[in-house]
Structures are given as C-alpha cells and as structure tokens.
Amino acid sequence: MKLLSFLLYTILCCQIGVFAQKHAKPVNIIFDSDIGPDYDDVGAITILHALADNGEARILATMASNKYEGIAGVLNVFNTYFNRPDILIGVPNGNAVNIRDGQHWTDTVLAKYPHIIKTTADVENAITLYRRILAAQPDHSVTIVTIGFLTNISNLLNTTADQYSSLNGKQLIQKKVKLLVSMAGKFPEGYEFNIDKDIVASNNVFQNIGVPVIFSGFEIGEKIKTGLPLINNQSIINSPVKDAFRIAISKSAGDAQGRMSWDETAVLVAIKGYSPYYDLHKGKIGEVSTNGKNTWNDNGTGQAYLVEAMDYKKVQDLINELIMHQPVKNKKSSKP
C-alpha cells in the first residue's frame, strides 16, 4: 500500500504543468531591461527590489538589453538606492538597440543619486555574465524576466562552450532556466515595441528557447495606470523612483492619469506567479513578420500569454503600492 501511494505521488508530481507557480523559497531571478526609452522599467525594478526585500526573490543580476552610454549607471543607481550596490550588471556588446529616454529623467537620477558604475565600459558583456551566472546555479532554478528587447537572450542562445560551461547557449538555458517571463507581443496578434526593435532576436528566442515562456502582452499593461500615488506621497523624499515618475509624467501629456504599466506586470508574475491576477492562454507565439507583427498558434505548446482573471484595477492598486516601497534600513548587501 505504501509503495502504491508513493507511485501515485510520483506520477502526480510528474504531471504538474510547466507553468506550476508555487514557490517554496525565493525565486532566483535575472532581470533584463531596456531601462530608458520608457519609465515603467523604473516601476519594474522597484517591484523587483520590494519583493526581494520581502524574501520572495533573490536577484542574480540586472541586465541591460539597450546600450546607451548611461544605462549601466542607471541600473546601478536603483540597485544602490535599494541597498544592493553590488548586484551584477551586464550590457550588450556589438549590435544592439541604442535608445535613451526622451524626458531626460535618466540625467537627473545619474546626477543626483550615488552610483559607483559610471559607463557601460565599467561592466561585463551581458552574454559573458549570463553564462557565468547560469553555469553556477542549480539545474532548472532560474527565472529570467525580460522587459526590453530579446537581444541578450538571443545572443546567449547562439553561444558556444566556454570556460564557464561545456554546454552551448541553448543547452545551458534548458539546463538552468525553469521559466522565461517576457513583456513582449500583443495577443492574440498585433505589434509591440520590444519585439519590433529586434525582430531577428525575438524570432530566435521564441522559436528556439526550449523552456516555458509566459508573455505579458501589450494589452495587459495598457490599461493599468500607475505612478500618481507615488509622486503625490509627500513622505517619500530623495527617491530616484519618485523623481523618474515625477519628471516623465509631467512631460507626457498622455500620462496625466498615470503611466501604462507593461513592465511591472511581467516582474510581478515572474516572482509572485500569475494567479490570482491572471489566467494563461496556452499555445505558442507565431513567427514575427518582418514588419514586427506577432501571431499566436493555439495548437503550439510550451508557451502562454496572460489573460485577466481579476479586475485590472486591483493589480493597478498593488503595483502602485509596490512602487512606493522604500529601502530597508541597515540591510546587508551581498552578491548571490
């Protein structure tokens, strides 16, 4: 009887879907952002640190998929503000998107707040850093969240064996990564910025990555407006998060009700899981066309996009609360 019970338990465990989301311990997470063209990335990195401070996440690195000169410093500003100045940062070399913010909030945070890292020359190549970190992690233990271009993940897929691992990039990802959550695409079909800016990379990743992927599509974050409670909170002072939202919202006529929150939803799901906020529509993304349009194949497997399971205003309230998170005092910072 005991043997039968054990066999039934084993079969049940094996049948748990690839999108199972119960986390018994902190999520090992790599955050990959184009931080700059938009400022919802600022909300996203704040949620990342807030949930890490709450014991729900262990930040392995903050990567840039964009290569403008100040981006490594910007990431270091926020990591330093949240008392994690030694979090590893990687930036792409070679061909990569090079776009910065039109509202120039990055100028303010770089000038006003402490950061040891000044330029992209001060940090590692993102692909070298990805390989080094992944090789050192337990198998199937890492969640990657991309809230920018898929450039780094595509380049990682294309790598060969090196001093960190005898595996090629695809093998290394499949061995070490349990889930990719990507703010990318519009579903069931449409056009979206992150995919469009590097179509070749997007296609390579979505067709070849070989690990479960959850998409937070354009339609998910479009209606979630955040930032006004933050900038109106008089108790929050000397905050690069507040400054970024304050400056950008004041210069963006369309953001009078708050900024659309695409990137925040991806980080929220990557760490806390999709339920109860969302359900999953399973299938697989179709090949992205040369004009940047994505489609969806309901008969595909291994991927899913988010669909609303609760009133989006409840998610909006949660994000507004999380992006007002303040640094934890006297917290010891340490490398993963």
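Up top is the structure.
These numbers were taken from a predicted model, which means no experiment stands behind them.

Asks: Can you walk me through helix α4 (residues 105-112) in this structure?
Replies: Every α-helical turn comprises 3.6 residues, leaving residues that sit three or four positions apart pointing alike. Turning to α4, its buried residues are W105, T106 and V109. Looking down the long axis of α4, one finds its buried residues gathered within 100° of arc, a one-sided arrangement. Check the buried side of α4 and you find it contacts α2 (40-53), α3 (71-81) and α12 (240-250).

Asks: Hey, could you run me through the packing of α2 against α12 in this one?
Replies: Geometrically, a packed helix pair is captured by the angle between its two axes and the distance between the axes. Between α2 and α12, whose axes approach to 9 Å, the crossing angle comes to 160°. Classified by the interaxial angle, the pair formed by α2 and α12 is roughly antiparallel. As α2 packs across α12, the resulting crossing turns out to be left-handed. Between α2 and α12, the contacting residues are V42, G43 and T46 on the first element and V241, A244 and F245 on the second. When its residues are assigned to classes, the contact of α2 with α12 shows four nonpolar, two polar and no charged.

Asks: Is there a simple way to explain the sheet that holds strand β4 (residues 124-125) in this structure?
Replies: Sheet strands line up and pair through hydrogen bonds in the backbone, either parallel or antiparallel. Taken in spatial order, the ten strands of this open sheet run β4-β3-β2-β1-β5-β6-β8-β14-β11-β13, and their pairing is mixed. Edge positions in the sheet fall to β4 and β13 (296-297), since each of these pairs with one other strand and no more. Of the pairings in the sheet, the one linking strand β2 (residues 57-64) to strand β3 (residues 89-91) comprises two bridges and is parallel in character. Residue pairing for β3: M63 is matched across the bridge by G90. The sheet strands contacting helix α7 (residues 169-176) are β5 (142-147) and β6 (177-182), and the helix crosses β6 at an angle near 100°.

Asks: Help me out: how do you make sense of helix α9 (residues 199-208) in this one?
Replies: Most of α9 sits inside the fold, with seven of its ten residues counted as buried. Residues I199, A201, S202, N203, N204, V205 and F206 constitute the buried set of α9. Backbone geometry just after α9 places G210 at a positive phi near 75°.

Asks: Would you explain the packing of aromatic side chains in this entry?
Replies: How two aromatic rings sit relative to each other is given by the distance of their centres and the angle of their planes. Following the criterion strictly, the structure yields eleven aromatic pairs and no others. Considering the side-chain rings of F187 and W296, the 5.5 Å spacing of their centres and the 85° angle between planes classify their relative orientation as edge-to-face. Of this pair, F187 sits in the loop between β6 and β7 (190-191) while W296 sits in strand β13; the two residues are 109 residues apart in sequence, bridging distant segments of the chain. Accessibility expressed as a relative area gives 14% for W296, which makes it buried. Linked through ring pairs, F187, F206, F215, W296 and Y305 together constitute an aromatic cluster.

Rules and cut-offs
Residues numbered from 1 in each chain as written. Predicted model: local features only at pLDDT ≥ 70, side-chain atom pairs only at ≥ 80, totals over all residues. Heavy atoms only, no water. Buried < 20%, exposed > 50% of the residue type's maximum accessible area, 1.4 Å probe, protein only. Helix = DSSP H or I, 4+ residues; strand = E, 2+ residues; numbered from the N terminus. Arc of directions from axis to C-beta. Contact = heavy atoms within 4.5 Å. Axes fitted to C-alpha atoms, helices over the stretch in contact; angles between N-to-C directions. Parallel < 35°, antiparallel > 145°, perpendicular 65-115°, else oblique. Left-handed = near helix turned anticlockwise from the far one by under 90°. Nonpolar A, V, L, I, M, F, W, Y, C, P; charged D, E, K, R; others polar. Pairing = 2+ DSSP bridges. Phe/Tyr/Trp six-rings, centres within 6.5 Å; stacked < 30°, edge-to-face > 60°.

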